[in-house]
Structure formats: C-alpha cells, structure tokens
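Reading the structure
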Amino acid sequence: MDLNKLADALITDKDVKPLDYYEQRYPLRNLEKGAQVTRLAPSPTGFMHLGNLYVALANERIAHQSGGVFFLRIEDTDEKRKVEGAVEVIHSSLKYFGVEFDEGADLCGEYGPYYQRQRAEIYHAYAKELIKKGLAYPCFCTEEDLEKTREYQTENKLLPGYYGEFAKCRTLTEEEIYENLKAGKPYVIRLKSQGDVEKKSTFHDEIKGDITVTENNQDVVILKSDGIPTYHFAHAIDDHFMRTTLVLRGEEWLSSLPIHIELFNVLGFRLPKYAHNCSIQKIDGETRRKLSKRKDPEASLTFYREEGYHKQAVKTYMMTLLNSNFEEWLLKFPDKPIDEFKYSINKMGKSGALFDILKLNDISKTVLSNLSAEEMYDFLKEWAENFGTDEQKRYFDDKDYLCKVLTLCMGIGGKKRRKDFICAKQAVEFISYFFDETFAPSYEYRFDGAIVKKILSDFKNAYSYADDCSAWFEKLKVVATESGFATDMKAYKANPENYPGNVSDAAEMLRIATTGLANTPDLWTIMQILGEARTLARLEKAILAL
Ligand code: GLU
C-alpha cells in the first residue's frame, strides 16, 4: 500500500510542516541542570476542584524549587465540556491561593499555543507521520459496530477494546479504504499498536515507586473524526514540545500509562518522568471515599472563597496533605513563609490523602489569630466586597470603628488572643451587632420581664460613658442589689435560694439588651466602642420591647 498517498488522503491539513520544523520551533529549554518543567493541564469546565489546587501546588513547588518552569495548558479538545470564562476561573482561583504560572494560556510563553484546539497542525503533522510509517490507520467503524464488539467481549468475558481480532479496520485493503473514503464515510485515526499484553516491565513512578506496567495492545484513537486529538495523543505531543520534564497528574491516568509509553515511543520522543498522585478522600460515615464534586460543597475551590477562608490557611492545610513532614517543619518554624519548606515529591502519600475540614478549621483559627487588627480589616473587607451583603460592605466605611471592634472581638493585644474565627463570613456575621443596620436582637432573657425591665432601666439611668471599667461595674452592683440580686458570690453560692439571681445574671440582661447575645467579649468595652448615644438607644429599645 502506498502509505504516503494514504497519509495525504487522510490528513488534508495544508498547514502541516516537516517534522524538523517543530523540533526547531520548540527547542529544549535552556535551564540549569535539575530544573523541572511541570504543568497543569485542566479542561476548561469552569469547575475548580480542591484536587486541582492539590496537583497545582505540587507541580508549582517542584518547578519553582528547582529553578524550572510551571505552565498552564488548556485541554479543550472536548467541546462539550467547555464553559465560557473557565480559563479566567482557573487563573483567578489558583492565584488567590498563591499559585501562579510562569507561562501558558492567556499568559506569555515561547512554547504555545497553550490551548490544544489551536495546536491542530502539530497533531496532524505527527498523525500523518505515523500513517506514513504504517503505525496508524483509518478506522471507519460506527458506534454500532463498536457496541457490538463490546457486547461480544462482555458476553465472552474478554478484555474490552479495539485490539487484535477486534481491530477490524487494521486489515482493510487499500481498495476498501479508498472506497470508504469515496463514499464519504467518517473515520478516526487509530494507533496500530505494536504492544503485547503478555509483556510486563517495571516502571518507576515518582510517587508510587516501582510499579509493574503491562504493554499496551489497544489501537487507541489518536485523532477523532473531526481531526481533534484524543487526550492520549495530545498529551504525548504537547508534553514533548512544551518540554515537560515531569508529568504529575491524577492517578486516574495511571491505567493509560501503557498507551502513553507506546505513543512516546512510536513518535520518537523521550519519555518524561511521571508521578501519579492520589485523589483527595473524605470519611463518610463508615466509608472512605473520593471528595465528590456533586456531594461535597468543600470539593469546590469556590467554597473556600465564598466562606472566606484565609488563603494562607488553605495553602498551609494543602501542604500538610501533600507532604507528611510538613507539619513537623511548621511546628519548628511557625513564622517562616511556607515556600521555604523544602517540598519533596517522594514524601507524597501513595494512597489517598484524607481531607479533614476540622483540621483546616484549626489551622484557619491559628492563621487568623496571628493577624493584626489592620490585617484582619483588610482580609474581611476583601471578602465582604466580593461576597458580603450591602450592609456588610458598609461595615468597612469607618475603619477606626471596625478596628476597635476587631481588636476587642479577637482579643488583640490582650493576654488571651481569641481563636474563635475560622473564616471571614463567620467573623463578619459575628460582628453584626456592632452595626445598627444589622442589629436584630431576639432578646431571650432567663428572668421575668418585670425584673429585667427594672434592672435595665436602673442601669440606664445610672450609666455614664465616662466611667472606667471598675466604676461601671460598681454601678452595676448597685443596680443589682436594688433588685435583690447577690453581689457577694460566696454568699450567693452558699444560699442561692435567698436571691432571685446574682450580679452576673444582671450583667447578662444588659448584655442581651445591648448586643442581642448572652455571650460576648467584655461588655464595658463593647459599650465604649458603641458610644454613649448608641448604648443608651439600645437600652431604651430593649426596655420598650419588654
Ligand atoms: N486534562 C487532564 C485532566 O484534567 C489532564 C491530565 C494531565 O495532567 O495530564 O485530567
């Protein structure tokens, strides 16, 4: 069969150039010895999974720690999965967590285009070459033909796929091929596999270690009927010409590794190193399962931004998942920037990484408890601007006021720094009672309305903004005593039945009246921050509500 003629008939792309051209167009990168070139290669689905951040961080660390390059390639060969604006989402969500690319889609770079759909010419050039060498052929099988084969294989418990005797188009004669072409039958291009499933060899995976790989014998599709490559073919060509040195990707690709090894081989490309990382899992009742896009809101990167997790907390937590020795390092050097940690690929888990949101929350509390009032202000403001309600956005108009609120609520500068805040949303909701617009108390007292009313009114009459903390408390004691409440706690504890309550019960009434809550930071300070007029107005409002 005249294979050159066949190649011309099957691949009609006029842009195709001689293969040397591509080798020269994408030369080996001029990098220091040991520098790694890694990449993230997502499909533009618009959804960013926590797993994407996990793989991105690992790849980014490996490239940047070694003085190499980390790039973004968009795998847009599947038109159905494509979503408008998805690349922007990829950039913005990763950037938020401190992962930035050196080159790639929508960035500069000498190894592009970085969108696979724009690289058709290169795939065509190499498909053509394989046809010429007798290593690829056209397949005219229809969906029904393939379905029939599948059914037969299932019934007879045979391995599924297009191989051996099932690879019907492998043996088409020249006449049959041209007849089909003449009849306008659609076709795909398949690899003519040279492999033998009886042959096994040891392969070194940078994460999994030495694994046994069986040779590929599947005549996989390399170009679909519309001329678009499959993942397998595009992966081999792109990672060769983008000069990737390490392919670190999800372990769901491990089963395709034999195909990729064969493709690199027949294309005459040097195989990069591979690392297959495990998926992120969670405990669900009795079982451990993959973090699921459909079932788990925390699987989406958007979740962390909407809740307002601090980027440093998420990054720190991801590092604990990525490297088993990271936590030890963090304990030793809590103040060092995370990027100073020497990330190592062989300390990545070989089986699933277990996601535990409680641990993330703990890390978040620590991260937030290390922020100054000003840093906290900036952090919360950024969240509110993107995700807050209009009222919440207005909290940030008076920076001085808000910093006072934050200083109090977080115990900044005090003996005991509070660690209650996990994320921005929760913190902003927590401080809502400091703002009249969102102060919506339900006033739930533990005492009779008449008693509460008397205590609130007496205190309101006695209150002076100028009182310091102890004068304020003395006044509260007087007010409590007037209603028969105990101020001597020892006496109260000895005979509680002699009193309607004690001074802290009276303080609780004031607290509920002023803030709507039974538990808050120091009430005198809250009143100082609220100011005289607002404090009196709140007491008045509470009295009227009784
Ligand atoms: N587009 C593939 C995915 O999103 C990329 C896998 C790879 O990194 O090679 O799973």
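The structure we're discussing is the one just above.
Figured I'd write up the structure that's included with this text. Just so it is clear, the structure is predicted and the values come from calculations on it, not from any experiment.

With respect to the helices, strands and loops of the structure, serine 300 is situated in the loop between strand 12 (287-290) and helix 10 (301-307). Dropping the residues within four chain positions of it, serine 300 is found in contact with Phe47 and Met48.

Strand order in the open sheet formed by three strands is 1-2-3, with parallel pairing between adjacent strands. Looking along the sheet, the strands with just one partner apiece sit at the ends: strand 1 (37-40) and strand 3 (103-104). The pairing of strand 2 (residues 69-72) with strand 3 spans two bridges and is classified as parallel. Each residue of the ladder has a partner; that of phenylalanine 71, found in strand 3, is glutamate 103.

Before going further, it helps to spend a moment on the environment of arginine 150. Assignment of secondary structure puts arginine 150 in helix 6 (residues 143-155). The partly exposed category is assigned to arginine 150, whose relative accessible area is 37%. Separated by 81 residues in the primary sequence, arginine 150 and valine 69 place their C-alpha atoms 43 Å from one another.

Taken together, three strands build an open sheet; the order of strands is 12-11-13 and the sheet is mixed. Taken across any chain shown, the strands that pair with only one partner, and hence form the sheet edges, are strand 12 and strand 13 (353-354). Bridge count between strand 11 (residues 280-284) and strand 12: four bridges; the pairing is antiparallel. Pairing of glutamine 281 across the sheet is with lysine 290, part of strand 12.

Near the ligand you find Arg39, Ala41, Pro42, Ser43, Glu75, Tyr231, Arg249 and Trp253, and these make up its full shell. In the model, a nitrogen atom of the ligand is placed 2.8 Å from a nitrogen or oxygen of the alanine 41 main chain. Between the ligand and tryptophan 253, the relevant distance is 3.1 Å, taken from an oxygen atom to a side-chain nitrogen or oxygen of the residue. Taking 300 Å² as the accessible area of the ligand by itself, protein coverage stands at 81%. Applying the majority rule of atoms within 2 Å of the grid points places the ligand in the largest pocket. Looking at side-chain class alone, the shell around the ligand contains four nonpolar, one polar and three charged residues.

A cis amide bond links glycine 112 to the next residue, proline 113, at an omega of 0°. Note on placement: proline 113 falls in the loop between strand 3 and helix 5 (120-132). Even without glycine at this site, lysine 157 takes up a positive phi of about 50°. Relative to the elements of secondary structure, lysine 157 occurs in the loop between helix 6 and helix 7 (174-182). Owing to a relative accessible area of 77%, lysine 157 belongs among the exposed residues under this scheme. Phi angles above zero are rare outside glycine, and tyrosine 443 is one such case at about 45°. Mapping tyrosine 443 onto the fold places it in the loop between helix 17 (424-430) and helix 18 (449-462).

Parameters at a glance
- Residues numbered from 1 in each chain as written.
- Predicted model: local features only at pLDDT ≥ 70, side-chain atom pairs only at ≥ 80, totals over all residues.
- Heavy atoms only, no water.
- Helix = DSSP H or I, 4+ residues; strand = E, 2+ residues; numbered from the N terminus.
- Contact = heavy atoms within 4.5 Å.
- Pairing = 2+ DSSP bridges.
- Buried < 20%, exposed > 50% of the residue type's maximum accessible area, 1.4 Å probe, protein only.
- Near = heavy atom within 4 Å.
- Polar contact = N/O pair within 3.5 Å; in protein donor to acceptor, adjacent residues only side chain to side chain.
- Areas by Shrake-Rupley, 256 points an atom, 1.4 Å probe, with all protein chains shown as cover.
- 1 Å grid on protein atoms, 1.4 Å probe; cavity = no way out; pocket = protein on both sides within 12 Å on 5 of 7 lines; lining within 4 Å.
- Sits in = over half its atoms within 2 Å of the grid points.
- Nonpolar A, V, L, I, M, F, W, Y, C, P; charged D, E, K, R; others polar.

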